[in-house]
Amino acid sequence: MAKTKTTTVTPLGDRVLIRSGLTALDLGGLALLRELPLYFAFQCGALVSVRLPPGLEVLGDYAFGECHKLREINLGDVAALRRIGFGVLCGCDALASATLPAAVEAIGDCVLCRCGLEELDVSAVRRLEEGTVVGRFAMNCRGLRRVALPALEQHRAAFSAAV
């Protein structure tokens, strides 16, 4: 009889990479990673690109907040992403575009506040928790020129403040 291998994943602690000097972060190969904790890579001033694993379900509050040089993060490729915490990309001045995957159900306030965002695509989002107001999550993106919204009638109120 073959034995099955049991894999245990220890949750990452808060503030794991806070203020580190990383320029790129590739977590794409971490298939068992389901959640990035609070302040995971907060204020990483040199961070330019992030690759997240497709099985990631939760981005904790301020996970990449105040990473002023961050230009690229593959949110749209993270098929399992359900929850995006408060301020996850707040203050990411160099971030020009963002796409949210279909599985997103909850979006915290100020996720994209004070970003260099020019384009925002939330058209794939299928279901949001009652009371989610998406306009609050992209406040103060002065360069925002294009927003792709979902065609679903039930989301009209959530996205009304974004346009």
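Residues numbered from 1 in each chain as written. Predicted model: local features only at pLDDT ≥ 70, side-chain atom pairs only at ≥ 80, totals over all residues. Heavy atoms only, no water.

### Let's talk about the overall build of the protein chain
Part 1 of the reasoning: Across its full length, the protein chain carries one helix and ten strands.
Part 2 of the reasoning: Listed N to C, the secondary structure of the protein chain is β-β-β-β-β-β-β-β-β-β-α in terms of helices and strands.
Part 3 of the reasoning: In the protein chain, once contacts between residues fewer than 6 apart in sequence are set aside, the share between residues at least 24 apart is 52%.
Part 4 of the reasoning: When the accessible surface of the protein chain is split by element, carbon and sulfur atoms take 50% of a total near 8,700 Å². (Helix = DSSP H or I, 4+ residues; strand = E, 2+ residues; numbered from the N terminus. Contact = heavy atoms within 4.5 Å. Areas by Shrake-Rupley, 256 points an atom, 1.4 Å probe, with all protein chains shown as cover.)

### Focus: the state of the cysteines
Part 1 of the reasoning: Under the criterion given, the structure shown has one disulfide.
Part 2 of the reasoning: Residue pairing for C110: its cysteine sulfur links by disulfide to C113, the two sulfurs lying 2.1 Å apart. With respect to burial, C110 and C113 carry one shared label: buried.
Part 3 of the reasoning: No disulfide involves C90; its nearest neighbouring cysteine sulfur is the one of C110, lying 3.9 Å away.
Part 4 of the reasoning: With a relative accessible area of 2%, C90 lands in the buried category. (Disulfide = S-S within 2.5 Å. Buried < 20%, exposed > 50% of the residue type's maximum accessible area, 1.4 Å probe, protein only.)

### Topic: the sheet that holds strand β3 (residues 49–51)
Part 1 of the reasoning: In space, the three strands of this open sheet follow the order β1-β3-β5, with parallel pairing throughout. Both outer strands of the open sheet, β1 (24–26) and β5 (72–73), are each paired with one neighbouring strand and no more.
Part 2 of the reasoning: Relative to β3, β1 runs parallel, the two sharing three bridges. What sits directly across from D26, in β3, is R51. (Pairing = 2+ DSSP bridges.)

### Regarding the packing of aromatic side chains
Part 1 of the reasoning: Per the stated rule, a full pass over the model turns up five aromatic pairs.
Part 2 of the reasoning: Ring geometry for F40 versus F64: centroids 6.1 Å apart, planes at 80°, classification edge-to-face. On the criterion of sequence distance, the pair formed by F40 in the loop between β2 (35–36) and β3 and F64 in the loop between β4 (58–59) and β5 is long-range, its members being 24 residues apart. Assigned by exposure class, F40 and F64 land together as buried.
Part 3 of the reasoning: Three or more aromatic residues joined by ring pairs make a cluster, and in this case those are Y39, F42, Y62 and F86. (Phe/Tyr/Trp six-rings, centres within 6.5 Å; stacked < 30°, edge-to-face > 60°.)

### With respect to the sheet that holds β4
Part 1 of the reasoning: The strand order β2-β4-β6-β8 describes an open sheet built from four strands, whose pairing is parallel. On the outer flanks of this sheet lie β2 and β8 (106–107), each paired with one strand and no other.
Part 2 of the reasoning: As paired elements, strand β6 (residues 83–84) and β8 share two bridges and run parallel to each other. Within β8, the position partnered with R83 by the bridge is A106.

### Examining the environment of S49
Part 1 of the reasoning: Tracing the backbone shows S49 in strand β3.
Part 2 of the reasoning: Among the residues examined, S49 registers a relative accessible area of 23% and is labelled partly exposed.
Part 3 of the reasoning: A C-alpha to C-alpha distance of 5.8 Å links S49 and L70, two positions 21 residues apart in sequence.
Part 4 of the reasoning: The residues touching S49, leaving out its near neighbours within four places in the chain, are T23, A24, L25, L70 and E72.

### Describing the pattern of salt bridges
Part 1 of the reasoning: The tally for this structure, following the rule as stated, stands at four salt bridges.
Part 2 of the reasoning: D26 serves as the salt-bridge partner of R51, at 2.9 Å between the closest nitrogen and oxygen. Taken together, the positions of R51 in strand β3 and D26 in strand β1 put the pair 25 residues apart, joining distant regions of the chain.
Part 3 of the reasoning: The class for R51 is partly exposed, based on a relative accessible area of 43%.
Part 4 of the reasoning: Residue classification places D26 among the exposed positions, given a relative accessible area of 52%.
Part 5 of the reasoning: Residue E66 is joined to R114 by a salt bridge in which the shortest nitrogen-to-oxygen separation is 2.4 Å. On the criterion of sequence distance, the pair formed by E66 in the loop between β4 and β5 and R114 in the loop between β8 and β9 (119–121) is long-range, its members being 48 residues apart. (Salt bridge = Lys/Arg side-chain N within 4 Å of Asp/Glu carboxyl O.)

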